[in-house]
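A structural walkthrough
Read off the chains here:
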Amino acid sequence: MKKLVLASTFLALLVIVLGAYTRLTDAGLGCPDWPGCYGTLLVPQSAELVESANQAFPERPLKAEKAWNEMIHRYFAAGLGFFIVVLFFTSVVKKMRGSRGPVKLPLLIFVLVCFQGALGMWTVTLNLLPVVVMGHLLGGFAVLSCLFLLYLRLTSYRIPGGDAQIRPYAKFGALGIAIVVWQIALGGWTSANYASLACTELPICEGDWFGSLDIAGAFSVPVAENYEFGVHDYQERVTMHVMHRIGAIITFIYLCWLAITLYTRSSSGLVKRLATMMTLVLGAQVLLGVSNVVYSLPLTVAVLHNAVAACLLLVMVLLTYTMYRKY
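Throughout what follows, the structure given in this document is the object of discussion. Remember, it's a predicted structure, so these values are computed and weren't measured experimentally.

**Examining the overall build of the protein**
Of regular secondary structure, the protein possesses 10 helices and 0 strands. Taken over C-alpha atoms, the radius of gyration comes to 21 Å for the protein, in line with the 20 Å a tight globule of 327 residues would show. The principal-axis extents of the C-alpha atoms in the protein amount to approximately 70 × 60 × 30 Å. Among the 327 residues that make up the protein, the fraction classed as buried is 48%. Here the contacts in the protein between residues at least 6 apart in sequence split such that 80% fall between residues at least 24 apart. With the model as given, the accessible surface of the protein reaches about 16,200 Å², and the carbon-plus-sulfur share is 69%. Averaging the positions of the 23 positive and the 16 negative side-chain charges in the protein gives two centres separated by 29 Å.

Right under this line is the structure:
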């Protein structure tokens, strides 16, 4: 079961990366229906099928590249769902046979992935409604984190020699996870509303950005038939981008403080290594964020920004779990 959990964790990370690639290539509506694509399980390829697809959805003619981006993401997501169903029923069967092992966490992951599937459907049927798109992103990170936590639960390890003095800092690790998740949510909201390039200068936006902030408008959901390419005005998008940058500064300062504190006060080489790893991943994430602005959101960098955010969250989960675990 442990190997299946590890494989599912890597698959969940891949699904997150593919989801980011789909979103960043504007392929979220590459297939305007769900769960198939223009009424088929594969992207229509023959001239006859393409013509039939275009007649069925005249408002959205088939673009094969975007359709394939969307469907590949769906295929891998479906595979992840299958793995998680197997994990859940395996844990239940083992429990019924008297084996010791977690059941509540596999159940939570099963519920999460079912809800994640519904969010994937609503992403399409509600035409990229930003709340749903951000929720779908957060759902993916939640599934990934819970799978990784399950893997840790199934792994026997202890801090060599114990490190009781660092245990009180576990709550600060949990707070760090909450801050990282909040920052991911801000990034998801910025991306879902196509506000990633609303600010093109560093370290602050151009012009009178501070006097033009519109918090209420930035975090509202205007009524629209289609949310592709965003429906908020420029100032609202600037506000989203600024909030994401402020969140990045807060996250950077807090995690640096936590890393330095753990490194200097822990007697465990494991905790020191995890604190160092967190700092390196955090630094990479900051550089990728800056590169997104400087180089106008290059696709590779933007996708890596999502992937490294997932890695940062996993490092925080590992570090916090290590501090909470009984010795």
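**Observations regarding the packing of aromatic side chains**
Counted under the stated rule, the structure contains 10 aromatic pairs. Judged by centre distance (5.9 Å) and plane angle (40°), the ring pair of tyrosine 169 and phenylalanine 172 falls under tilted. We classify tyrosine 169 as buried; its relative accessible area is 13%. Here a set of aromatic residues connected by ring pairs shows up, and it is made of Tyr169, Phe172, Tyr254 and Trp257. Its end group placed over the ring of tyrosine 263, lysine 272 keeps NZ or CZ at 4.5 Å from the ring centre.

**Brief notes about the pattern of salt bridges**
Any two side chains of opposite charge can pair, on the condition that their charged atoms come close. Counted according to the given criterion, the structure contains 2 salt bridges. Here arginine 60 makes a salt bridge to glutamate 228, at a shortest N to O gap of 2.8 Å. With arginine 60 in the loop between helix H2 (47-56) and helix H3 (64-96) and glutamate 228 in the loop between helix H7 (215-218) and helix H8 (234-265), this pair connects stretches of sequence that are 168 residues apart. As far as burial versus exposure is concerned, arginine 60 and glutamate 228 are alike and both buried. With a shortest N-O distance of 2.9 Å, glutamate 70 and arginine 74 are connected by a salt bridge.

**What to know about a nonpolar patch on the surface**
Side chains of Leu202, Ile249, Phe252, Ile253, Val286, Val290, Val294 and Tyr295 sit close together on the surface and give an oily, nonpolar patch of about 740 Å² of accessible area. Those elements that place two or more of their residues in the nonpolar patch are H8 and helix H9 (269-294). One can find isoleucine 249 in helix H8. You can call isoleucine 249 exposed: its relative accessible area is 52%.

**Concerning the state of the cysteines**
Counted according to the given criterion, the structure contains 2 disulfides. In this model cysteine 31 forms its disulfide with cysteine 37; the gap between the sulfur atoms is 2.1 Å. Taking the sign of the torsion about the S-S bond as the criterion, the disulfide between cysteine 31 and cysteine 37, at about -80°, is left-handed. Cysteine 37 matches cysteine 31 in its accessibility class, with the two residues each being buried. Each disulfide pairs two cysteine sulfurs, and for cysteine 199 the partner residue is cysteine 205, the sulfurs being separated by 1.7 Å. Taking the torsion about the sulfur-sulfur bond, which here is approximately 75°, the covalent link between cysteine 199 and cysteine 205 counts as right-handed. Taken individually, cysteine 199 and cysteine 205 each receive the classification buried, so the pair is uniform in this respect.

**Looking at the side chain of threonine 25**
Among the structural elements, threonine 25 can be located in the loop between helix H1 (2-24) and H2. Threonine 25 sits in the buried class, given a relative accessible area of 18%. A distance of 3.2 Å separates a polar side-chain atom of threonine 25 from the backbone oxygen of threonine 22. One polar contact links threonine 25 to asparagine 69, side chain to side chain, over a distance of 3.3 Å. In contact with threonine 25, other than residues within four places in its own chain, are Lys66, Asn69 and Leu299.

**Re the packing of H1 against helix H10 (residues 299-324)**
Interhelical geometry of H1 versus H10 gives an angle of 145° and a closest axis separation of 9 Å. Of the two possible hands of crossing, H1 and H10 adopt the one that is right-handed. The residues of H10 that touch H1, namely those facing Leu13, Val17, Ala20, Tyr21, Arg23 and Leu24, are Leu299, Ala302, Val303, Asn306, Ala307 and Ala310. In terms of residue class, the contact of H1 with H10 is built from 10 nonpolar, 1 polar and 1 charged.

**Topic: the packing of H9 against H10**
The N-to-C vectors of H9 and H10 enclose an angle of 160°; their axes lie 9 Å apart at closest approach. One way to sum up the angle between H9 and H10 is to call them roughly antiparallel. Along this stretch, H9 crosses H10, giving a crossing that reads as left-handed. For the contact of H9 with H10, a count of residues per class yields 20 nonpolar, 6 polar and no charged.

Calculation notes
- Residues numbered from 1 in each chain as written.
- Predicted model: local features only at pLDDT ≥ 70, side-chain atom pairs only at ≥ 80, totals over all residues.
- Heavy atoms only, no water.
- Helix = DSSP H or I, 4+ residues; strand = E, 2+ residues; numbered from the N terminus.
- Rg over C-alpha atoms; globule rule 2.2 N^0.38 Å.
- Buried < 20%, exposed > 50% of the residue type's maximum accessible area, 1.4 Å probe, protein only.
- Contact = heavy atoms within 4.5 Å.
- Areas by Shrake-Rupley, 256 points an atom, 1.4 Å probe, with all protein chains shown as cover.
- Lys, Arg positive; Asp, Glu negative; His and termini not counted.
- Charge placed at Lys NZ, Arg CZ, Asp CG, Glu CD.
- Phe/Tyr/Trp six-rings, centres within 6.5 Å; stacked < 30°, edge-to-face > 60°.
- Lys NZ or Arg CZ within 6 Å of the ring centre and 35° of its normal.
- Salt bridge = Lys/Arg side-chain N within 4 Å of Asp/Glu carboxyl O.
- Patch = residues over 30% accessible without salt bridge, like charges linked within 9 Å, V, L, I, M, F, W, Y side chains within 5 Å.
- Disulfide = S-S within 2.5 Å.
- Polar contact = N/O pair within 3.5 Å; in protein donor to acceptor, adjacent residues only side chain to side chain.
- Axes fitted to C-alpha atoms, helices over the stretch in contact; angles between N-to-C directions.
- Left-handed = near helix turned anticlockwise from the far one by under 90°.
- Nonpolar A, V, L, I, M, F, W, Y, C, P; charged D, E, K, R; others polar.
- Parallel < 35°, antiparallel > 145°, perpendicular 65-115°, else oblique.

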